[in-house]
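Close look at the chain arrangement
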Amino acid sequence: NITTSGTIAGGPITGTTIDATTDFTIGATVITDGVLTDAGGFQLAADTFVTSGNGLVVGSASAATVNAQVGGFQMVGSDTASVNLVIAHFAANGNTNRLQFAKSRAASLTAFNSTPVIVADNDALGEVQWYGDDGTDMTPILARIVGRVDDASPAANAIGTELEFHTNTTAGSLAANMKLKPDGALELATGSLFIGDTA
């Protein structure tokens, strides 16, 4: 125990814990029971990794459960601004922003870096999902767009894909009501296509 205040010199302090009565202060940063506080904010000078099974939540001290799962990255808030995801690109060129989904059949990133494993027909490549509070929870998917492999023989630099658009009926049945196929064909599962009218 260090019971006096003042300058500590002579080398590192070693041990398993640092126990302060209320908090532990390093410069302008205050550590209180695992909470970091700094009026000037924090800057990360190197890559930051969150290990598997842990997550990052912005805007809340707890994570939300959606579709019976706790997502690894969450933005939680009660006002529009706090849950807006902004991806801004400023440059005098023709480049643009990207939201990228990637899929491999390799068992892990390490395995992929060593030996990539090609995707198979009908594999989902990524999807965007929408949920709503139904008075019980936020479990049923109400709408989604899925990118999917549509190719019986996928090959290097030659993989056919489709986009599926799923919507929910008022009875709670989710179905792929529209598909954009690899050859550019647009398939409607049911209903009609109205152009310039609503009936």
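Residues numbered from 1 in each chain as written. Predicted model: local features only at pLDDT ≥ 70, side-chain atom pairs only at ≥ 80, totals over all residues. Heavy atoms only, no water.

**Observations concerning the overall build of the protein**
- A tally of helices and strands in the protein yields one helix and twelve strands.
- If you list the helices and strands of the protein from N to C, you get β-β-β-β-β-β-β-α-β-β-β-β-β.
- When each of the 199 residues of the protein is scored for burial, the buried share is 10%.
- Taking contacts inside the protein between residues at least 6 apart in sequence as the whole, the part at least 24 apart equals 20%.
- Looking at the protein as shown, the accessible area adds up to about 15800 Å², and 54% of this sits on carbon and sulfur atoms.
- Of the side chains in the protein, 7 bear a positive and 19 a negative charge, and the two mean positions are spaced by 13 Å. (Helix = DSSP H or I, 4+ residues; strand = E, 2+ residues; numbered from the N terminus. Buried < 20%, exposed > 50% of the residue type's maximum accessible area, 1.4 Å probe, protein only. Contact = heavy atoms within 4.5 Å. Areas by Shrake-Rupley, 256 points an atom, 1.4 Å probe, with all protein chains shown as cover. Lys, Arg positive; Asp, Glu negative; His and termini not counted. Charge placed at Lys NZ, Arg CZ, Asp CG, Glu CD.)

**Focus: the pattern of salt bridges**
- All told, the structure shown has five salt bridges when counted by the stated rule.
- A salt bridge links R105 to D123, with the shortest nitrogen-to-oxygen separation between them at 2.7 Å. In this pair, R105 sits in the loop between β7 (73–75) and α1 (109–114) while D123 sits in the loop between α1 and β8 (124–131), placing the two residues 18 residues apart along the sequence.
- A relative accessible area of 45% means that R105 is categorised as partly exposed. (Salt bridge = Lys/Arg side-chain N within 4 Å of Asp/Glu carboxyl O.)

**Concerning the sheet that holds β8**
- Across the sheet, which stays open at both edges, the five strands sit in the order β8-β9-β10-β11-β12 with antiparallel pairing between neighbours. This sheet does not close on itself; its edge strands, each paired only once, are β8 and β12 (186–188). The average angle at which neighbouring strand axes cross in this sheet is 20°, direction not considered.
- One ladder, built from six bridges, connects strand β10 (residues 161–168) with strand β11 (residues 174–180); its direction is antiparallel. Across the sheet, T167 pairs through a bridge with A175, a residue of β11. (Pairing = 2+ DSSP bridges. Axes fitted to C-alpha atoms, helices over the stretch in contact; angles between N-to-C directions.)

**Quick word on the pairing of strand β2 (residues 29–32)**
- Relative to β2, strand β1 (residues 24–26) runs antiparallel, the two sharing three bridges. Across the sheet, the residue bridging to F24 is I31, located in β2.
- Counted along the chain from β1 to the antiparallel partner β2, the turn is two residues long, and its residue G27 has a positive phi close to 60°.
- Note that β2 and strand β3 (residues 35–37) share three bridges and pair antiparallel. In the sheet register, T32 faces β3, and the bridge partner there is V35.
- The antiparallel pairing of β2 with β3 creates a hairpin that spans two residues between the two strands, and D33 there sits at a positive phi of about 50°.

**Considering the layout of surface pockets**
- Estimates place the volume of the largest pocket at around 550 Å³.
- What lines the largest pocket is A64, V66, N67, Q69, G71, F73, Q74, M75, V76, Q129, Y131 and M138.
- With three residues, the top contributor of residues to the lining of the largest pocket is β7.
- When its residues are assigned to classes, the lining of the largest pocket shows seven nonpolar, five polar and no charged. (1 Å grid on protein atoms, 1.4 Å probe; cavity = no way out; pocket = protein on both sides within 12 Å on 5 of 7 lines; lining within 4 Å. Points joined across faces, edges and corners; volume = space filled by probe spheres on them. Nonpolar A, V, L, I, M, F, W, Y, C, P; charged D, E, K, R; others polar.)

**Here's the deal with the side chain of Q74**
- On the secondary structure map, Q74 appears in strand β7.
- The class for Q74 is buried, based on a relative accessible area of 10%.

**Observations regarding the sheet that holds β3**
- Read from one edge to the other, the open sheet built from three strands follows the order β1-β2-β3, with strand pairing classed as antiparallel. At either margin of the open sheet sits one strand with a lone partner, and together these are β1 and β3. Mean inter-strand twist for the sheet, computed between neighbouring axes without regard to direction, equals 20°.

**Focus on unusual backbone geometry**
- Unlike most non-glycine residues, A68 shows phi in positive territory, near 60°.
- Turning to its location among the elements, A68 is positioned in the loop between β5 (65–66) and β6 (69–70).
- In this structure, N157 takes a positive phi of about 60° despite not being glycine.
- Structurally, the position occupied by N157 is in the loop between β9 (141–149) and β10.
- The exposure class of N157 is exposed, given its relative accessible area of 87%.

**Notes on the environment of A199**
- Tracing the backbone shows A199 in the segment after β12.
- Taking the C-alpha atoms as reference points, A199 and I145, 54 residues apart in sequence, are found 25 Å from one another.

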